[in-house]
Amino acid sequence: MGLLSFLHKSTDASTENQPSHLLENFLSGYSIEVIPRTADKVESFREILPAGTRVYIAHIEGTPIEDMVRTARRLADEGFPVMPHFPARIIKDRAELAEWIAQYQGEAGVTQGLLVGGGVATPVGEFKDSMQVLETGLFDGFTNLHVAGHPEGNRDIDPNGSDSMVMQAIKWKQAFSRRTDARVAITTQFCFEAGPVIAWADRLAAEEVDLPIHIGIAGPAQLHTLIKYAVSCGVGPSMKVLQRRAKDVTKLLLPYEPTDLLIELAAHKERHPDFGIDKVHFFPLGGIKTNANWVTENAGAAGRPASVG
């Protein structure tokens, strides 16, 4: 359902059911992801992000840890909580992981981390998944530990198209959350359609997995950019949303915006308060400033930059 259709259907509803209200509530406390190269292009994060916005730092294979730590320190100095990625399959061994953590904590006071398998097929060292990294005990004392979620499955983990191994891993992480003092949550891959997300979150609830979900959303971007990232990241069924858009000549050259998707998820959350999505996490595929400005324009107080007060 498009935004105009939603507005039309909501004409007789109370103000509390309007899209602007839905987006403000749903996007409150959103997070965003950067890499050192894209972060360097932003003069001031305080001028574009709300105070307290959690900023993830994605660790791409080949990025020197010094660049990661430098970016973490810069963000922390601007007053933002930082959550670096710890990709299991690109970490050589326990000693290297301990060194990374020591640098992050010593230079930027980091106490949060996103633990993922990593974007390579063959591990460079002793870790093959995030569970092994968690079991090292090196994250004791961290306040927040997030793990990866895949609403549309993950062919790298379940080549047969099922979700049996993914579900087994999530249940292990659920059990881990019971024996750690850290707050554990699931941060997901981005997708473009609400239906698969809702079905996946409901499936987790049916399996008695109650970890909070931070749903991954692709920020505003050109269509060809989104398709490129979607293919490389293995985004599944909701790719048809982009494919339909590519066939529509009237939309082909217009930037994609996540408005309809977010409104649909926000409306579902309002109708079902126990729905597992707790926060929104943006992948700024069209640029950090573009993404942040879109939130500022569409989310009311939830998007007000820190410098505005």
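Thresholds, definitions, all that
- Residues numbered from 1 in each chain as written.
- Predicted model: local features only at pLDDT ≥ 70, side-chain atom pairs only at ≥ 80, totals over all residues.
- Heavy atoms only, no water.
- Salt bridge = Lys/Arg side-chain N within 4 Å of Asp/Glu carboxyl O.
- Helix = DSSP H or I, 4+ residues; strand = E, 2+ residues; numbered from the N terminus.
- Buried < 20%, exposed > 50% of the residue type's maximum accessible area, 1.4 Å probe, protein only.
- Pairing = 2+ DSSP bridges.
- Phe/Tyr/Trp six-rings, centres within 6.5 Å; stacked < 30°, edge-to-face > 60°.
- Expected span 1.5 Å × (residues − 1).
- Arc of directions from axis to C-beta.
- Contact = heavy atoms within 4.5 Å.
- Polar contact = N/O pair within 3.5 Å; in protein donor to acceptor, adjacent residues only side chain to side chain.
- Axes fitted to C-alpha atoms, helices over the stretch in contact; angles between N-to-C directions.
- Core = buried A, V, L, I, M, F, W, Y, C linked by side-chain atoms within 4.5 Å.

Asker: Explain the pattern of salt bridges to me, and be specific about the residues and the numbers.
Answerer: Opposite charge on two side chains permits them to pair, given that their charged atoms come into close proximity. Under the defined criterion, the tally for this structure stands at 8 salt bridges. Across the salt bridge formed by Glu 207 and Lys 171, the nearest N and O atoms sit 2.6 Å from each other. Separated by 36 residues along the polypeptide, Glu 207 in the loop between α8 (194–206) and β7 (213–218) and Lys 171 in helix α7 (residues 164–177) bring together distant segments of the chain. Look at Glu 207 and you get partly exposed, because its relative accessible area is 29%. A residue is classified by how much of its surface remains accessible, and Lys 171, at 37% relative accessible area, is partly exposed. For Arg 178, the salt bridge is made with Asp 210, and the minimal N-O distance between the two is 3.3 Å. One end of the pair, Arg 178, is in the loop between α7 and β6 (183–191); the other, Asp 210, is in the loop between α8 and β7, and 32 residues separate them in sequence. A single salt-bridge network, built from bridges that share partners, covers Asp 40, Asp 67 and Arg 70.

Asker: Please provide a residue-by-residue account of the pairing of strand β8 (residues 277–283), values included.
Answerer: In terms of burial, β8 is a largely internal element, 5 of the 7 residues being buried. Note: strand β1 (residues 31–34) against β8, 2 bridges, orientation parallel. Opposite Ile 32, over in β8, you have Phe 282 as the bridge partner. Both β7 and β8 contribute to a ladder of 6 bridges, which runs parallel.

Asker: I'd like a rundown of the packing of aromatic side chains, residues and numbers included.
Answerer: Under the criterion given, the structure shown has 9 aromatic pairs. A ring pair is formed by Tyr 30 and Phe 282, whose centres lie 5.5 Å apart and whose planes are at 80 degrees; its orientation type is edge-to-face. Placement of Tyr 30 in the loop between α2 (19–27) and β1 and of Phe 282 in strand β8 is noted, with a sequence separation of 252 residues between them. With a centroid separation of 6.3 Å and 70 degrees between ring planes, the pair formed by Phe 282 and Trp 294 is classed as edge-to-face. Of the two residues, Phe 282 sits in strand β8 while Trp 294 sits in helix α13 (residues 288–298), which places them 12 residues apart along the sequence. Here Trp 294 falls in the buried class, since its relative accessible area comes to 3%. Through a chain of ring-to-ring contacts, the aromatic side chains of Phe 86, Tyr 104, Phe 139 and Phe 142 assemble into a single cluster.

Asker: Got a sec to walk through helix α4 (residues 65–77)? Specific residues and values, please.
Answerer: Its 13 residues place the ends of α4 18 Å apart at the C-alpha level, agreeing with the 18 Å of an ideal helix rising 1.5 Å per residue. Listed in full, the buried residues belonging to α4 are Ile 65, Met 68, Val 69, Thr 71, Ala 72 and Leu 75. Burial along α4 is one-sided: seen end-on, the buried residues are contained in an arc of 160 degrees. Considering only its buried residues, α4 is in contact with β1, α3 (36–39), β2 (54–57), β3 (82–87) and α5 (94–108).

Asker: So what about α5? Which residues, and what values?
Answerer: Given a rise of 1.5 Å per residue, 15 residues ought to cover 21 Å, and the 21 Å separating the end C-alpha atoms of α5 matches this to within 8%. For α5, the set of buried residues is Leu 97, Trp 100, Ile 101, Gln 103, Tyr 104 and Ala 108. What you see down the axis of α5 is that its buried residues fit within an arc of 160 degrees, all on one side. Along α5, the residues that are exposed and aim more than 90 degrees away from the buried face are Ala 95 and Gly 106. Where α5 is buried, its residues contact α4, β3 and α6 (130–134). The residue sitting at the N-terminus of α5 and contributing the capping side-chain oxygen is Asp 93; that oxygen lies 3.2 Å from the backbone nitrogen of Ala 95.

Asker: Let's hear about the sheet that holds β3: which residues, and what values?
Answerer: Strands sit in the order β1-β2-β3-β4-β5-β6-β7-β8 around a closed barrel of 8 strands; the barrel is parallel. The mean angle between the axes of side-by-side strands here comes to 30 degrees, regardless of whether they run parallel or antiparallel. Running at roughly 170 degrees to β8, helix α12 (residues 259–271) makes contact with β6, β7 and β8 of the sheet.

Asker: Kindly report on the nonpolar core, identifying the contributing residues and their values.
Answerer: The biggest cluster of nonpolar side chains holds 82 residues, and the ones touching the most others in it are Leu 27, Phe 45 and Phe 282. Beyond its immediate sequence surroundings of up to four residues, Leu 27 is in contact with Leu 262, Val 280, Phe 282, Trp 294, Val 295, Ala 299 and Ala 302. Listed in part, the 5 residues of the second largest apolar core include Met 83, Leu 114, Val 116 and Ala 148.

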